[in-house]
Amino acid sequence: MALKCDSQVQREEINKRIRRLEERQTTLLTQDVVKQAVELYRSNPKERFFVRQLGKAVGKNPNVAESAYHWLQISVKGKIDKEQKVQGMLNFLVKNPQQEVEWMIFGRSPYTENSLGKYWKLKRRYIINLLTSSRLHLDAYSRKKQRNYYFSNALVFNGALPTYTQQDIVQGIDDALAYQTNTFSTLHTLSKNQQAFLNKLHLLKQEQQVVVPFVTSWINSYQSSRWKSLKKLSKELAVIIGKPSRKLFSAVRQIVVFTLFDHFMQSVPQLLKGLPVARLVPLPFKKKKKGRLPIKLLMGKNYVITREGNASELTRHVKKKGKTTLGFPQMGKKKLTTQVLFPPKVLEYLQNGAEIKVFQVSSGGAPSFKPRVDVVLEGTHNCFRSSTLLHSYLSQIPKGRKKVLGIDINRLGEYIVVFNTPVQLPNDLMILAARYQKLTNKVLKQLSRKFHNKCKVYNSRGACKLKGELNRVYKRRSRLLREIIHRLPHFLAAVMVKKQCQTLKIEELTADPAGTKGELAKAIYNMPDSLYIYKKAVWLASLELGYDVQLEAVPPYHTSSRHYGCGGTIARGPGQHDFAPCSKCGQQVNTHKNAALNIASFKGTLLPYNLFPSTHVRGSILNDG
């Protein structure tokens, strides 16, 4: 929502007053206040009046402190939660010495990332950031507090490793191969991945005359990033051995770990013994954040930004008139007032029974200087359900009953959503996808090229303007993707309603762009493939149909490579993203429609129905619903 100002002069003056409040809010968040906030939260995490108690403890409680301490409470809660995650990570590493050494060397550990991600039910990117950041903070703490134990440069993240000979590398290869062979010997049958990994170790053992000098040189040389440089080394080894298509990164990484195992295990246990986890997680607001904290108007407080009544009064007023007034007083100057116009969607939510809980006001930047107003609503889930968009899609969908629907979601474009039955993509989604592709393939490339050219000629003014334009285009593109993700569940639900679907089958994809590049990374980032989309679509369709639509996940194996018509293999080459020939019948196959047909025909695993709405809401709200 935006403020409706009488003139640009008034808008800029209001923006300046909001900006002063934001700066004043930031000055209140000193390190002493942050430390007291952490101590207060540790002593009583369930303190209902945390903001009030913190104001009494620090002796500073002006009007804007209510907003500042509210943000501080959220940050402190995040710090304590991260400390628990770091402690759990260290407990896992202590029980797995091989992964512990791998973490000390690289700051990464794929086995740890997958295990903790499944246990905590978090995305792998979060676990990677947790491992890397805690490894860096461990270095900083150990240099200062544990100098007696932290005696070797080998423990520094991405620093120099101890010097090793070629004979040590040969021994590392033998140890890794013996360990892996012994581990797999206890299994009755090996999976394809396990057998492939064992074959890679045997291959490196056979070619050790070539492998050993390269690995020795890598360990004895300084690397700015051990993880990236080892990936590059593994690719070079594959080419030299004569197997350019073999991915040897995991096998080479294990050889390095076993080579350095004895050295690291002499220091790592002493280093981690009695390690205060709180020192590995920095205090909130220790570094200057990019951007500014908005002013949070808690409805029960009198603020320097005035409003029309408390939460209930304001809700009734907005329901009746569709707008409200905010005032911006300043000592020695005239109080400025302006109206806040509520969008039709927010008004619909309010009419459905939602209530206004919090206002957030933030200043805008050049050149428009438009202040921004956000409103937080509270209510049951039914208050925020709108069937307007869903019904607008129903008329565009052909009739025909389909009990089981298979869906294939791809990169943004003509085939962003494909069903196992003919359904045309709505025009609004096509337009949004086309705009997104234009910004990605044309506008951003041109601006990036101009920006780099300005930087080469040291034109600081031109480069600054282009950088601002680049940031605005990136924001515009992210908003387009957000709008697509918002509309997709309503379209999917409309298809399920029109087809009277009973079961929706999806592909169980866990695509991670980390470590990828080029077209693959772009494809993953441009795919709005999220379980949230399916959960919301099934929820909306179930409410419209009057019965529960089942959601099933199908394994991703052979959904795209197997031809649904004849059972042949579809081998997609470069540029064959949408159509590819079948090796058996020779037919040109639409790969997306073929994948949707396979997904619908394969046996899936039933997902729990209570996945949506999210359980991360207030208990009183759930009880009311």
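Since we're looking at a predicted model, the values are computed, not measured. (Residues numbered from 1 in each chain as written. Predicted model: local features only at pLDDT ≥ 70, side-chain atom pairs only at ≥ 80, totals over all residues. Heavy atoms only, no water.)

What about the packing of aromatic side chains?
Under the criterion given, the structure shown has 12 aromatic pairs. Ring centres of tyrosine 41 and phenylalanine 50 lie 6.2 Å apart, and the angle between their planes is 75°; on these two criteria the pair is classed as edge-to-face. With respect to burial, tyrosine 41 and phenylalanine 50 carry one shared label: buried. Grouped by ring-pair contacts, the aromatic residues Phe106, Trp218, Trp227 and Phe249 constitute a single cluster. Taking NZ or CZ as reference, lysine 85 lies 5.5 Å from the ring centre of tryptophan 120, over its face. (Phe/Tyr/Trp six-rings, centres within 6.5 Å; stacked < 30°, edge-to-face > 60°. Buried < 20%, exposed > 50% of the residue type's maximum accessible area, 1.4 Å probe, protein only. Lys NZ or Arg CZ within 6 Å of the ring centre and 35° of its normal.)

Here we look at a positive patch on the surface
Side chains of Lys4, Arg316, Lys320, Lys321 and Lys323 sit close together on the surface and give a patch of like positive charge. Examining the composition of the positive patch, we find that 3 residues originate from one element, helix H13 (residues 311-321), more than from any other. For lysine 321, a relative accessible area of 54% puts it in the exposed group. (Patch = residues over 30% accessible without salt bridge, like charges linked within 9 Å, V, L, I, M, F, W, Y side chains within 5 Å. Areas by Shrake-Rupley, 256 points an atom, 1.4 Å probe, with all protein chains shown as cover. Salt bridge = Lys/Arg side-chain N within 4 Å of Asp/Glu carboxyl O. Lys, Arg positive; Asp, Glu negative; His and termini not counted. Charge placed at Lys NZ, Arg CZ, Asp CG, Glu CD. Helix = DSSP H or I, 4+ residues; strand = E, 2+ residues; numbered from the N terminus.)

Concerning the packing of helix H8 (residues 166-185) against helix H10 (residues 208-220)
Look at H8 against H10: their axes get within 9 Å of each other, and the N-to-C directions meet at 115°. Here H8 lies roughly perpendicular to H10, going by the angle between them. Considering only the axes of H8 and H10, their crossing is right-handed. Listed contacts from H10 to Gln166, Ile169, Val170 and Ile173 of H8 are Gln208, Val212, Pro213, Val215, Thr216 and Ile219. Residues of the contact of H8 with H10, tallied by class, amount to 7 nonpolar, 3 polar and no charged. (Axes fitted to C-alpha atoms, helices over the stretch in contact; angles between N-to-C directions. Parallel < 35°, antiparallel > 145°, perpendicular 65-115°, else oblique. Left-handed = near helix turned anticlockwise from the far one by under 90°. Contact = heavy atoms within 4.5 Å. Nonpolar A, V, L, I, M, F, W, Y, C, P; charged D, E, K, R; others polar.)

Considering H10
End to end, H10 covers 18 Å across 13 residues, agreeing with the expected 18 Å (1.5 Å per residue, within 8%). Listed as buried for H10 are Val211, Val212, Val215, Thr216, Trp218 and Ile219. The buried residues of H10 occupy an angular sector of 160° when projected down its axis, which confines them to one face. Where H10 is buried, its residues touch helix H5 (97-106), H8, helix H9 (192-206), helix H11 (226-241) and helix H12 (249-272). (Expected span 1.5 Å × (residues − 1). Arc of directions from axis to C-beta.)

A few points about the sheet that holds strand E9 (residues 503-507)
Spatially, 5 strands are ordered E8-E7-E9-E10-E13 in an open sheet, and the strand pairing comes out mixed. The strands lining the two open edges of the sheet, one partner per strand, are strand E8 (417-419) and strand E13 (605-606). Pairing of strand E7 (residues 404-409) with E8 involves 3 bridges; the strand directions are antiparallel. Bridge pairing in E8 links isoleucine 409 to valine 417. Contacts from helix H19 (residues 531-545) reach E7, E9 and strand E10 (550-554), with the element oriented near 175° to E9. Against the sheet, helix H20 (residues 591-601) engages E7, E8, E9 and E10, with an angle of about 140° to E7. (Pairing = 2+ DSSP bridges.)

Quick notes on the sheet that holds strand E1 (residues 3-4)
Strand order across the open sheet formed by 3 strands is E1-E4-E3, with antiparallel pairing between neighbours. The two strands at the open ends of the sheet, each matched to only one other strand, are E1 and strand E3 (323-330). Relative to strand E4 (residues 333-341), E1 runs antiparallel, the two being bridged by 2 bridges. Bridging from a neighbouring strand, leucine 3 pairs with valine 340 of E4. Packed on one face of the sheet, helix H1 (residues 8-28) meets E1, E3 and E4 and runs near 100° to E4.

Some points on the environment of lysine 454
Relative to the helices and strands, lysine 454 is located in helix H16 (residues 427-456). In the structure, lysine 454 is positioned 10 residues away from cysteine 464 in sequence and 9.2 Å away in space, judged by C-alpha atoms.

Details of the pairing of strand E6 (residues 372-378)
Because side chains alternate across E6, one face comprises the buried residues Val373, Val375 and Leu377, and the other comprises Arg372, Asp374, Val376 and Glu378, none of which is buried. Bridging between strand E5 (residues 355-362) and E6 involves 7 bridges; their strand directions are antiparallel. Paired with glutamine 360 across the two strands is aspartate 374, which belongs to E6.

Some words on the packing of H10 against H11
At a minimum axis distance of 11 Å, the contact between H10 and H11 shows a crossing angle of 160°. When the axes of H10 and H11 are compared, the pair comes out roughly antiparallel. Considering the relative orientation of H10 and H11, their crossing is right-handed. Of the residues in H11, those in contact with Val210, Val211, Phe214, Val215 and Trp218 of H10 are Arg226, Ser229, Leu230, Leu233, Leu237, Ile240 and Ile241.

Here's the deal with the confidence of the model for the protein
For the protein, the average pLDDT comes to 85, and 90% of its residues sit at 70 or higher. In the model, residues 517-521 has pLDDT below 50 throughout and makes 3 contacts with residues more than four positions away in sequence or in other chains. Here residues 615-625 scores under 50 on pLDDT; set against residues more than four positions off or in separate chains, the count is 10 contacts. (pLDDT = per-residue confidence, 0-100.)

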